[in-house]
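Here is how the chains run, residue by residue.
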Amino acid sequence: MQYCTARSIVLHKINRLGDLHKFTAFRNMEKLSRMHLLLVLCTVALVQGSHRAKISTTENYCPYFKNRAPAPQPSLKNCTWYKENACCLQTELDLIFPQVLPPLGASDRCLRYTNFLMCYVCAPDQNSFYKSERLTVCEAFCDKWFAACGDAKFKGMKIEQLFNSGKEFCQARKFSVRSVTEGDCFSYEQEIVSCALVKVPAWRVLWLASIVAVFYLNRSF
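Because the structure is a prediction, the values reported are computed rather than measured. (Residues numbered from 1 in each chain as written. Predicted model: local features only at pLDDT ≥ 70, side-chain atom pairs only at ≥ 80, totals over all residues. Heavy atoms only, no water.)

S.K.: Residues and numbers for the state of the cysteines, please.
M.R.: Counted by the stated rule, this structure contains six disulfides. Each disulfide pairs two cysteine sulfurs, and for C110 the partner residue is C149, the sulfurs being separated by 1.9 Å. On the sign convention where negative is left-handed, the bridge of C110 and C149, at about 100 degrees about the S-S bond, is right-handed. Of this pair, C110 sits in helix α3 (residues 108–118) while C149 sits in the loop between α4 (139–148) and β3 (153–154); the two residues are 39 residues apart in sequence, bridging distant segments of the chain. Look at C110 and you get buried, because its relative accessible area is 0%. When the cysteines engaged in disulfides are numbered in sequence order, the chain pairs them as 1-3, 2-6, 4-7, 5-10, 8-12, 9-11. (Disulfide = S-S within 2.5 Å. Helix = DSSP H or I, 4+ residues; strand = E, 2+ residues; numbered from the N terminus. Buried < 20%, exposed > 50% of the residue type's maximum accessible area, 1.4 Å probe, protein only.)

Written out as structure tokens, the structure is:
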């Protein structure tokens, strides 16, 4: 009788051990399936991101500089926000900038907007707003430039007295003017970057989310 009881206990433990092995194997398979799916998502996200970056790079060219392609310019001393991908070279800026004089009595804000405008020669997407040797500026940027330089003088008079709007001011400088909604116009304004407002491409968000998910999935098993 005792032998039968002991044998039953042993068989019961063996059965439980077998069930445990089956359960562990099932969980491992489930884990591998989830990891495989997440890795596939990572791969898809990376491929899409690199494809979009390639398209963006190949579509841009620099008509101001005989249609050459933009390239990284880490040595830029001005227009530094275009360092990662620029149409201009620093040696070219050294020749161009001295030829453009700001309005007399320009404030720091006026000088800043004037500098933004002059840096259009470095913009990697200049082919969208510089055509037939003429610059097209967004009307909203013209308004900000006009407001910033209103107290400065142009032809002996205050700019705000000479012109009624930013559009007139830009047109007087031989620029074409279009609204932002029409597109294909130059505009730039530096902004204070906040961690909460940093724009990250969707494919990078998906890629990072997949990595985090894999990490926590590993910890949960």
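So, next bit.
S.K.: Just give me the short version of the pairing of strand β2 (residues 134–138), but keep the residues and values in it.
M.R.: Of all five residues making up β2, four are buried, and the element is well covered by its neighbours. The hairpin turn running from strand β1 (residues 130–131) into β2, its antiparallel successor, is two residues long, and S132 in that turn takes a positive phi close to 55 degrees. With three bridges connecting them, β2 and strand β5 (residues 176–178) associate as parallel partners. Residue T136 lies in a different strand from β5, and its bridge partner there is S176. (Pairing = 2+ DSSP bridges.)

S.K.: Hey, could you go over the side chain of N115 for me, with residue numbers and the actual values?
M.R.: On the secondary structure map, N115 appears in helix α3. Here the side chain of N115 touches N78 through a polar contact of 3.2 Å, side chain to side chain. When neighbours within four sequence positions are excluded, N115 is seen to be in contact with N78, W81 and F97. (Polar contact = N/O pair within 3.5 Å; in protein donor to acceptor, adjacent residues only side chain to side chain. Contact = heavy atoms within 4.5 Å.)

S.K.: Which residues make up the confidence of the model for the chain, and what values go with them?
M.R.: When pLDDT is averaged along the chain, the result is 76, and 60% of the positions lie at 70 or above. In this model residues 49–57 is a low-confidence stretch, pLDDT under 50, and it forms two contacts with partners more than four residues away in sequence or in other chains. Taken together, the stretch residues 192–200 has pLDDT below 50 and engages in two contacts with residues farther than four places along the chain or on a different chain. (pLDDT = per-residue confidence, 0-100.)

S.K.: Outline α3, supporting the account with residue identities and numerical values.
M.R.: In an α-helix there are 3.6 residues to a turn, and that puts residues three or four apart on one side. Within the sequence span of α3, burial applies to C110, Y113, T114, N115, F116, L117 and M118. Contact partners of the buried residues in α3: β2 and α4.

S.K.: Explain the sheet that holds β2 to me, and be specific about the residues and the numbers.
M.R.: In space, the three strands of this open sheet follow the order β1-β2-β5, with mixed pairing throughout. Strand pairing shows two members of the sheet lacking a second neighbour, β1 and β5, which therefore form its edges. Taken strand by strand, α4 contacts β2 and β5, and its axis lies near 80 degrees from that of β2. (Axes fitted to C-alpha atoms, helices over the stretch in contact; angles between N-to-C directions.)

S.K.: Just give me the short version of α4, but keep the residues and values in it.
M.R.: Among the residues of α4, those classed as buried are F141, C142, W145, F146 and A148. Within α4, the buried residues cover an arc of 165 degrees as seen down the axis, which keeps them to one side. Residues of α4 that are buried sit in contact with α3, β2, α5 (159–162), α6 (166–172) and β5. (Arc of directions from axis to C-beta.)

S.K.: Quick one: what's the story with the environment of L162, residue by residue and with numbers?
M.R.: Within the secondary structure layout, L162 lies in helix α5. Expressed as a C-alpha distance, the spacing of L162 and G150, which sit twelve residues apart in the sequence, is 9.3 Å. With residues up to four places along the chain from it excluded, the contact list for L162 reads F154 and M157.

S.K.: A description of the pattern of salt bridges should follow, citing residues and the corresponding values.
M.R.: A side chain with one charge can pair with a side chain of the opposite charge if their charged atoms come near. Under the criterion given, the structure shown has two salt bridges. The salt bridge involving R68 is made with E92; its shortest N-O contact spans 2.6 Å. One end of the pair, R68, is in the loop between α1 (2–59) and α2 (90–96); the other, E92, is in helix α2, with 24 residues separating them in the sequence. Taking relative accessible area as the criterion, R68 reaches 28% and is therefore assigned partly exposed. (Salt bridge = Lys/Arg side-chain N within 4 Å of Asp/Glu carboxyl O.)

S.K.: Quick one: what's the story with the packing of aromatic side chains, residue by residue and with numbers?
M.R.: Each aromatic ring pair is specified by the distance between its two centres and by the angle formed by the two planes. Tallied over the full model, the rule gives 19 aromatic pairs. With 5.7 Å between their ring centres and 70 degrees between their planes, F141 and F186 make a pair best called edge-to-face. Residue F141 is found in helix α4, and its partner F186 is found in the loop between β5 and α7 (202–220); the two are separated by 45 residues along the sequence. F186 shares its class with F141; the two are buried. Aromatic side chains F154 and F163 sit 6.1 Å apart centroid to centroid with 40 degrees between the ring planes, which places their arrangement in the tilted category. Residue F163 is classed as buried on the basis of its relative accessible area of 11%. Taken together, the ring pairs in this structure connect Y64, F65, W81, Y82, Y113, F116, Y120, F129, Y130, F141, F186 and Y188 into an aromatic cluster. The ring of F65 is capped by R68, whose NZ or CZ atom sits 4.3 Å from the centre of that ring. (Phe/Tyr/Trp six-rings, centres within 6.5 Å; stacked < 30°, edge-to-face > 60°. Lys NZ or Arg CZ within 6 Å of the ring centre and 35° of its normal.)

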